[in-house]
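Secondary and tertiary structure notes
Each chain, written out:
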Amino acid sequence: MTEQIVTPSPTQNAAAAQPKQEEDVLAKLDDFAELPDAAPKRKLRLSWVGKLASLVVAFWMVLVVIGPWLAPHHEMDMDGDDSFMVAHSNEYGTFHLGTDYLGRDTLSRVMYGARNTIGIALLSTFLAYLLGITLGILAAVKGGWIDMGISRVNDAILALPAIMLGLIAIAAFGSSIPILIATAGIIYATSVFRIARALGQDIMVQDFVEAAHARGEGIWYIIKSEVLPNAAMPLATDFGLRLVFVVLFISSLSFLGLGVQPPASDWGSMVRENLAGLSGGIDLEGNTVISYAAIWPALAIASFTIAINLIVDDISARSGGSLAQKMI
Amino acid sequence: MMMRMVLQRMGIGIVTLFVVSVIVFLMTSILPGDVANIVLGQSATPETLAAYRAEHGLDRPAYVRYFSWLGDMATGDLGVSKAGGATISSLIDSRIWNTVMMAGLVALISIPISILLGLWAAMHPGTWLDRGVTFGTLSTISVPEFFIATILVLVFAVQLKWLPSTLNLTGSETWLEWLRKLAMPLLTLVIVVSAQMIRMTRAGILNVMSSPYIEMAILKGVPRRRIILRHALHNAIGPIVNVIALNLAYLVSGVVIVETIFSYPGLAKLMIDGVQTRDLPLVQACAMIFCGTYVLLILIADIASILSNPRLRHPK
């Protein structure tokens, strides 16, 4: 039984014999990779607006990761010459965007703030997705009482303004970053749940899923290779929208003084802290001027959220449906 | 058929309100832990704790407390504020009309503006005007309310010096002064709410425009203007009424921010103060008022869209 059949590799052989022709045939064979069963290949083409918006988002994402190392000053160092001062430099360095109400460098605080504002929002959105998708798929697959129960509670939470729920939660538990993340995660999980449940139910009855069933594929294969690739695009665009809502939610709470607590730098609280500077800034000669310390973090939030919405709009306009409108 | 659907929606609305009250009660009375412990703090002895619980009925089971709380709410007995000891109903009474008045004015201004602009944009799709409106409204709904308020303060109060940035309402101003003081909060809310409404009106009209009978009208040569005003608008009224009610509901969250920035003595400001001092009875009462209004408006939106659907009005 030690007989060994040694066959030369067929492709190697053929390729050696007739290289050109064979390549053509292989290229044609490649086309058949796009059979209905194959995972759909998505090509993302953005308009110039979308590309510009992606650059803005990428810029802030880089700052989320390395912002604190790039910042010229520490977020809490009060080493400016005065509070609400215009751009100046002293022995500690240069203050390119001036100082805030405690004489801290505005530019550095905006850079540190990216991590707090976007970082907390990202964590909350991930939590919302984890909860929403798990429960949504559970409800879609199990149906019956489980579906009914989860859906009713979900509808009730969804029927309330997010900010109200946030206020109640903070009144009850006090404000801390874990409470913020949990609150935002639970509130926004409700809309993810609805989408995940609807998508799950929708896709489970598609012909190609039935075909996979008939082929004898297991449930994990179906989820991985049939359901997820088809649900990925709607979920990805929804993730963007949800992230925007969470950023707005958390920065609104921070603006009210109920979110991220000072002295941590967060864009929402920075706007609030520095509002007085709009009419109380000072220039190098000591004259009263406008201090833009409240405007820079406000612009940072706006640029981030507008950019994400533009990308989502662009993608849904190109994928044929007004997905953004359906999901808002 | 239609009556049954309307009644069904009302039923769902009542159930939602009920569930909302359970959520509010759970979050403010049960989940934070033992209220007696929180109020009396570290120095509490077991005896004082027990006395406090007995005095406030905290030794009763949760569901009994819930129903007695709900009964008090329903009969207008909202309890006593922790700060100052004033009754909550008197606190709310002095504030609620300010908020109602502001919300009413915002609705009065923003509804006509949004419907006209939405129609206008839908009549000229793809033009620069339409793109401008689309981009402008998308940007507005993407930024927080306080961003718009801050920019307005910067432009109108700081640079142009036309309007005051904080309102010190004395109660004795003439209505013209009053309107000048209120201009900035009103403008902020109008911008925030209108942006949503314009987008949804435009989308609603464009949605109707893609239906077969409109295609028919286009094919027989009816001018576009006439198609929109005579054909599309009639069928879009339902969705538009729906949009209006939904957006008045969004006002609820806008009001919270705007009243705080401009320190307007409304209900939302009262609630924020309550959250800051963790005055739970006050927060409960305000939350129930806001959430109740919200659920009610959503219910109106639901019923309006049923009533405006001819297929439901004239069942076969």
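Positions within a chain are numbered from 1, following the residues in the order the chain's sequence is written. Lettering for chains starts from A, numbering for ligands starts from 1, and both go in the order in which the items are written. Side-chain atom pairs in this predicted model are given and counted only at pLDDT of 80 or more, local residue features only at pLDDT of at least 70, and totals for whole chains, interfaces and linings cover all residues. Hydrogens are left out, water is left out, and the side-chain values use all remaining heavy atoms of the structure.

1. Digging into unusual backbone geometry
Here the amide bond leading from Pro262 of chain A into Pro263 of chain A is cis, since omega sits at 5 degrees, within 30 degrees of zero. Summarising the element assignment, Pro263 of chain A is placed in the loop between α9 (219-255) and α10 (267-273). Located in the positive-phi region is Ser263 of chain B, a residue other than glycine, with phi close to 35 degrees. Note on Ser263 of chain B: relative accessible area 35%, which makes it partly exposed. Strands here are runs of E lasting at least two residues and helices are runs of H or I lasting at least four, both read from the DSSP assignment and numbered beginning at the N terminus. Accessible area is worked out with a 1.4 Å probe on protein chains only. A residue is then buried under 20% of its type maximum, exposed over 50%, and partly exposed in between.

2. What about the confidence of the model for chain A?
All names here are of chain A. What pLDDT reports is the predictor's confidence in each residue, on a scale of 0 through 100. On average, chain A scores 77 in pLDDT, and the residues at 70 or more come to 82%. What makes two residues a contact is simply this: any of their non-hydrogen atoms within 4.5 Å. In the model, residues 1-18 has pLDDT below 50 throughout and makes four contacts with residues more than four positions away in sequence or in other chains. Contacts from residues 320-328, a stretch scored under 50 in pLDDT, to residues over four places away or in other chains number 17 contacts.

3. Notes on the environment of Ile14 of chain B
Inspection of the secondary structure assignment puts Ile14 of chain B in helix α1 (residues 2-30). For Ile14 of chain B and Val283 of chain B, which are 269 residues apart along the polypeptide, the C-alpha to C-alpha distance reads 21 Å.

4. What to know about a nonpolar patch on the surface
Residues and elements named next belong to chain A. Only residues whose relative accessible area exceeds 30% and that form no salt bridge are eligible for patches; like-charged ones are grouped when within 9 Å, while nonpolar side chains (Val, Leu, Ile, Met, Phe, Trp, Tyr) are grouped when within 5 Å. Reported accessibility uses the Shrake-Rupley method at a 1.4 Å probe radius. Residues are deemed covered only where the shown protein chains occlude them. Take a side-chain nitrogen of Lys or Arg and a carboxyl oxygen of Asp or Glu: if they are within 4 Å of each other, that pair is a salt bridge. Together, Val62, Val65, Ile66, Trp69 and Leu70 make up an exposed nonpolar region whose accessible area comes to about 520 Å². Within the fold, Leu70 resides in helix α3 (residues 48-70). Residue classification places Leu70 among the partly exposed positions, given a relative accessible area of 48%.

5. As for helix α6 (residues 128-142) of chain B
To estimate how far a helix should reach, multiply one less than its number of residues by 1.5 Å. In a regular helix each residue adds 1.5 Å, so 15 residues correspond to 21 Å; α6 of chain B covers 21 Å between its end C-alpha atoms and thus fits that length. Buried within α6 of chain B are the following residues: Asp130, Val133, Thr137, Leu138, Ser139, Thr140, Ile141 and Ser142 of chain B.

6. Topic: the packing of aromatic side chains
Aromatic pairs are defined between Phe, Tyr and Trp rings, using the six-membered ring for Trp, whenever the two ring centres lie within 6.5 Å; interplanar angles under 30 degrees are classed as stacked, those over 60 as edge-to-face, and all others as tilted. All chains considered together, the criterion is met by 12 aromatic pairs over all chains. Here the aromatic rings of Phe25 of chain B and Trp69 of chain B are separated by 5.2 Å at their centres, their planes lie at 40 degrees, and the arrangement is tilted. Taken together, the residues span a long stretch of sequence, with Phe25 of chain B in helix α1 and Trp69 of chain B in helix α4 (residues 62-74) at a distance of 44 residues. Considered together, Phe25 of chain B and Trp69 of chain B belong to a single accessibility category, that of buried residues. By the ring-pair criterion, three or more aromatic residues cluster together here, those being Phe18, Phe25, Tyr66, Phe67 and Trp69 of chain B. Both a distance and an angle decide whether a charge sits over a ring: NZ of Lys or CZ of Arg must be within 6 Å of the ring centre and within 35 degrees of the ring normal. When the ring centre of Phe255 of chain A is taken as origin, the NZ or CZ atom of Arg272 of chain A, which lies over that ring, is 5.9 Å away.

7. Description of the interface of chain B and chain A
Chain B puts 45 residues into the contact, and the matching count from chain A is 43 residues. Regarding the contact of chain B and chain A, the summed buried area is about 3,900 Å², with carbon and sulfur atoms giving 81% of it. For the interface between chain B and chain A, the tally reads zero salt bridges. Under this definition, polar contacts are N or O atom pairs within 3.5 Å; protein pairs additionally need one hydrogen-donor-capable and one acceptor-capable atom, and for neighbouring residues in sequence, both atoms have to be side-chain atoms. At the boundary of chain B with chain A, the tally comes to three residue pairs in polar contact (both at pLDDT 80 or more). Here the side of chain B that touches chain A takes nine residues from helix α7 (residues 145-159) of chain B, the largest share from any one element. Only Asp, Glu, Lys and Arg are considered charged in this grouping, and only Ala, Val, Leu, Ile, Met, Phe, Trp, Tyr, Cys and Pro are considered nonpolar; every other residue, Gly among them, is considered polar. Tallied by class, residues from the side of chain B that touches chain A come to 33 nonpolar, nine polar and three charged. Accessible area that two parts lose when put together, evaluated with a 1.4 Å probe and summed over both, is termed the buried area.

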